[in-house]
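# Descriptive analysis of the structure
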Amino acid sequence: MASETGLGMVHVYTGNGKGKTTASLGLGMRAAGHGFRVLMIQFMKGDIKYGELEAAKHLPNFKILQYGRPDFVDKNNPAQIDIDLAGKGLERARKAVQDGEADLLILDEINVAAEWKLVSVSDVMNIVRARPETMEIVLTGRYAPAEFIEIADTVTEMTEIKHPFRNGVLARKGVEY
Ligand code: ATP
Ligand code: MG
């Protein structure tokens, strides 16, 4: 049942093509423009100056928090610090849900954090289920667990057809970060 604002649904943006995080940022900007409170919690990201961090500072109702390191996490042997940071990010998400702190909560790269076992799928599911009925949630990242897809109302899979990385073009400012 839709809430009075219409918000309250769950999105998953997954797949190997470019556009998952940026789609969620676009959604956040759209929601912020209507005065909704947007909170994006980024997992497995930190220290790199993503343009969105600076841009969000210009929007009083759009907050972005990072819980991660700039380094790649080793899937088969994650460092304790990566597990700890992801756990802190999830704790922050739990608090946001408990306090009804946002109208749109974006958990960026949570799909990867769950697949890499930095956080447990069931912990994430419990947070999603516990959301206020007026809170919309977005889960981004490759390898979305089946449970996330099952609970979501909107699921979009970005499929790589082309990416300049294949031609040796590295991450570009304003495009990849
Ligand atoms: P974006 O942040 O640009 O929306 P994304 O969230 O879909 O991308 P991720 O899977 O989170 O992409 O990948 C992290 C980084 O790799 C980003 O800088 C992203 O732009 C880049 N990237 C995304 N898809 C590809 C791809 N198919 N090949 C190489 N790099 C990619
Ligand atoms: Mg991403």
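Structure: see above.
So, here is what we can say about the structure in this document. (Residues numbered from 1 in each chain as written. Chains lettered and ligands numbered in written order. Predicted model: local features only at pLDDT ≥ 70, side-chain atom pairs only at ≥ 80, totals over all residues. Heavy atoms only, no water.)

## Examining helix α1 (residues 20-33)
An α-helical turn contains 3.6 residues, so any two residues separated by three or four positions project in the same direction. With 14 residues, α1 ought to run about 20 Å at 1.5 Å a step, and its terminal C-alpha atoms sit 20 Å apart, in line with that. Among all positions in α1, only Lys20, Thr21, Ser24, Leu25, Gly28, Ala31 and Ala32 are buried. Taken end-on, α1 shows its buried residues confined to a sector of 135°, consistent with a single buried face. For α1, the exposed residues set more than 90 degrees away from the buried face come down to Met29, Arg30 and Gly33. Buried residues along α1 sit in contact with β1 (10-14), β2 (38-43), α2 (51-56), β3 (62-67), β4 (104-108) and β5 (136-140). Gly35 lies just past α1 and shows a positive phi near 90°. (Helix = DSSP H or I, 4+ residues; strand = E, 2+ residues; numbered from the N terminus. Expected span 1.5 Å × (residues − 1). Buried < 20%, exposed > 50% of the residue type's maximum accessible area, 1.4 Å probe, protein only. Arc of directions from axis to C-beta. Contact = heavy atoms within 4.5 Å.)

## Some points on the packing of helix α3 (residues 80-99) against helix α5 (residues 121-129)
The contact between α3 and α5 brings their axes to 9 Å, and the two run at 20°. With respect to α5, the axis of α3 lies roughly parallel. Every pair of crossing elements has a handedness; the one defined by α3 and α5 is left-handed. Here α3 contributes Leu90, Ala93, Arg94 and Val97 to the contact with α5, which in turn contributes Asp123, Val124 and Ile127. For the contact of α3 with α5, a count of residues per class yields five nonpolar, no polar and two charged. (Axes fitted to C-alpha atoms, helices over the stretch in contact; angles between N-to-C directions. Parallel < 35°, antiparallel > 145°, perpendicular 65-115°, else oblique. Left-handed = near helix turned anticlockwise from the far one by under 90°. Nonpolar A, V, L, I, M, F, W, Y, C, P; charged D, E, K, R; others polar.)

## Topic: empty space enclosed by the protein
Under the definition given, this model contains one cavity of 30 Å³ or more. Of the voids in this model, the largest cavity is the one considered here, and its volume is about 40 Å³. Per-element accounting of the lining of the largest cavity gives the leading share, three residues, to α3. Looking at side-chain class alone, the lining of the largest cavity contains six nonpolar, one polar and two charged residues. (1 Å grid on protein atoms, 1.4 Å probe; cavity = no way out; pocket = protein on both sides within 12 Å on 5 of 7 lines; lining within 4 Å. Points joined across faces, edges and corners; volume = space filled by probe spheres on them.)

## As for the site of ligand 1
Looking at ligand 1, there are 14 residues lining it, with Lys18, Lys20, Thr22, Glu109 and Glu160 nearest. Glu176 is positioned with one of its backbone polar atoms (N or O) 3.3 Å from an oxygen atom of ligand 1. Within the complex, 81% of the 560 Å² of free accessible area of ligand 1 lies under protein. For ligand 1, the cavity whose grid points lie within 2 Å of the majority of its atoms is the largest pocket. Among the residues forming the shell around ligand 1, the class breakdown is two nonpolar, six polar and six charged. (Near = heavy atom within 4 Å. Polar contact = N/O pair within 3.5 Å; in protein donor to acceptor, adjacent residues only side chain to side chain. Areas by Shrake-Rupley, 256 points an atom, 1.4 Å probe, with all protein chains shown as cover. Sits in = over half its atoms within 2 Å of the grid points.)

## With respect to the pairing of β5
Most of β5 is tucked away: five of the five residues are buried. With burial as the criterion, each face of β5 is covered, one bearing Glu136, Val138 and Thr140 and the other bearing Ile137 and Leu139. Bridge count between β1 and β5: four bridges; the pairing is parallel. Across the sheet, the residue bridging to Val12 is Leu139, located in β5. One ladder, built from four bridges, connects β4 with β5; its direction is parallel. Counterpart to Leu104 in the pairing with β5 is Glu136. (Pairing = 2+ DSSP bridges.)

## Here we look at the packing of aromatic side chains
Counting across every chain of the model gives one aromatic pair. Pairing Trp116 with Tyr143 gives two aromatic rings, centres 5.4 Å apart and planes at 25°, and the pair type is stacked. Of this pair, Trp116 sits in the loop between α4 (110-115) and α5 while Tyr143 sits in the loop between β5 and α6 (146-151), placing them 27 residues apart in sequence. Overall, the relative accessible area of 44% leaves Tyr143 in the partly exposed class. We note Lys45 situated over the ring of Tyr50; from NZ or CZ to the ring centre the distance is 5.0 Å. (Phe/Tyr/Trp six-rings, centres within 6.5 Å; stacked < 30°, edge-to-face > 60°. Lys NZ or Arg CZ within 6 Å of the ring centre and 35° of its normal.)

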